[in-house]
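Structure at a glance
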Amino acid sequence: MTSHSLARSLSRRLMLGLLASQVALPMLAGGVQAAGLDEIKKRGLIVATEDDFRPFEFVKDGRPTGFDNELIEDLRKSAPFEIKQEILPWTGILAGVSTGKYDAAITAVIITKERKQSLDFTSPIADATHYYVKRKDDKSISSIKDLSGKTVGVQAGSALLGRLPELAAMLEKQGGKLGKVVEYTSYPEAYQDLALGRVDYVVNTVINLQTLVAEKPIFEVGQAVSGQSYPAWAVAKDNKELLAFLNEFIAKEKASGRFAELQKKWFGEAFPNLPVAFEPEF
């Protein structure tokens, strides 16, 4: 893996994402109109990216870099208008897009039913399916059925917490049950407790956990504990012109091989079978 500290930044984003979407909904109901392409062509496209979400976006030596920032540079070369980038903490990104402050969130926003109430999403940009991670020396866990009754760590208020019922259903089919759930403010705290044996396993996204294991080989990634889950870029609800423009750009990047090249560079692998669109169940 090329990236580091993904666990810290993803944890912050997931916790605050739910709050941001909840704040956005009542504000959007006030009748805010997202800018169409005609307006964007006159004043430029305003995109929001996060300040520290490795490997998707982060600032190094005073310059923005990472998967999404490299794509923004490609977008600048091909777009018929100026790209104005706002780099900010995750907290205000989704609410800012849904209310028209920013035109698009060019970051890895996990697609959920709740977020789709105020946002529309581009084609997925990676795989965010949820997996479990355990201590490598813990021989009591070798498959999902072994998670029965064990203590799981997950971030409070996250999309991952909301999908734990999927794991509970998997365990019930095998005669088991979901054990105690411990919620954490941030994932580094959860990983620390996992290392100390205070929890038996932690649930997070596959890219996050692959990065964690590459940096800390005391851990080992297990199997998927959710159905498919994907991150994508976001625009305000029903901003169809802008959504079509961004989807066309993504499609061209994929067709040229550039998308896979950047995925391999920043994630350690490409995801060639991403869906064109995704309708979440949760």
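Report on the accompanying structure. These numbers come from a predicted model, not from an experiment.

**Focus on the overall build of the chain**
Helices and strands together make up the secondary structure of the chain, namely 10 helices and 13 strands. Every one of the 282 residues in the chain was classed for burial, and the buried ones make up 55%. Restricting the contact set of the chain to residue pairs at least 6 apart, pairs at least 24 apart contribute 79%. When the accessible surface of the chain is summed, it comes to about 12,200 Å², and 51% of that surface belongs to carbon and sulfur atoms.

**Things to note about unusual backbone geometry**
Backbone geometry at Asp61 places phi at a positive 55 degrees, although glycine is not the residue there. By secondary structure assignment, the location of Asp61 is in the loop between strand 3 (57-60) and strand 4 (63-65). A relative accessible area of 73% means that Asp61 is categorised as exposed. For Asp238, which is not a glycine, the phi torsion comes out positive at approximately 70 degrees. For Asp238, the location among the structural elements is in the loop between strand 13 (231-236) and helix 9 (240-256).

**Some remarks on the sheet that holds strand 10 (residues 181-184)**
Strand order in the open sheet formed by 5 strands is 10-9-11-8-12, and the pairing between neighbours is mixed. Because the sheet does not close on itself, it has two edges, and the strands there are strand 10 and strand 12 (219-224). Direction aside, neighbouring strands of the sheet carry axes that sit 35 degrees apart on average. Of the strand pairs in this sheet, strand 8 (residues 130-135) and strand 12 are connected by 4 bridges, and their pairing is antiparallel.

**Thoughts on the packing of aromatic side chains**
By the definition in use, this model includes 12 aromatic pairs. Here the aromatic rings of Phe56 and Phe267 are separated by 4.8 Å at their centres, their planes lie at 50 degrees, and the arrangement is tilted. With Phe56 in the loop between strand 2 (52-53) and strand 3 and Phe267 in helix 10 (residues 258-267), the pair connects residues that are 211 residues apart, well separated along the chain. Exposure remark for Phe56: the relative accessible area of 4% places this residue in the buried category. Exposure remark for Phe267: the relative accessible area of 0% places this residue in the buried category. These aromatic residues form a ring-pair network of at least three members: Phe56, Phe67, Phe259, Phe267 and Phe271.

What counts and what doesn't
Residues take numbers from 1 onward in each chain, read along the sequence in its written order. The predicted nature of this model means local features are confined to residues of pLDDT at least 70 and side-chain atom pairs, given and counted, to a pLDDT of 80 or more, with totals for whole chains, interfaces and linings taken over all residues. To obtain the side-chain values, all non-hydrogen atoms of the structure were used and water was disregarded. Helix numbers and strand numbers start at the N terminus; a helix is a DSSP run of H or I with at least 4 residues, a strand a run of E with at least 2. Buried, partly exposed and exposed residues are distinguished by accessible area as a fraction of the type maximum, computed with a 1.4 Å probe on protein chains only: under 20%, between the cut-offs, and over 50%, respectively. By the convention used here, residues are in contact when the closest approach between their heavy atoms is within 4.5 Å. Residue burial considers only the protein chains on display, and all accessible areas are found by Shrake-Rupley using a 1.4 Å probe. Two strands qualify as a pair provided DSSP detects at least 2 bridges between them. Note on geometry: axes are lines fitted to C-alpha atoms, helical ones only across the stretch in contact, with angles between N-to-C directions running from 0 to 180 degrees. Think of it this way: a Phe, Tyr or Trp ring, Trp meaning its six-membered ring, pairs with another when their centres are within 6.5 Å, and the plane angle makes it stacked under 30 degrees, edge-to-face over 60, tilted otherwise.

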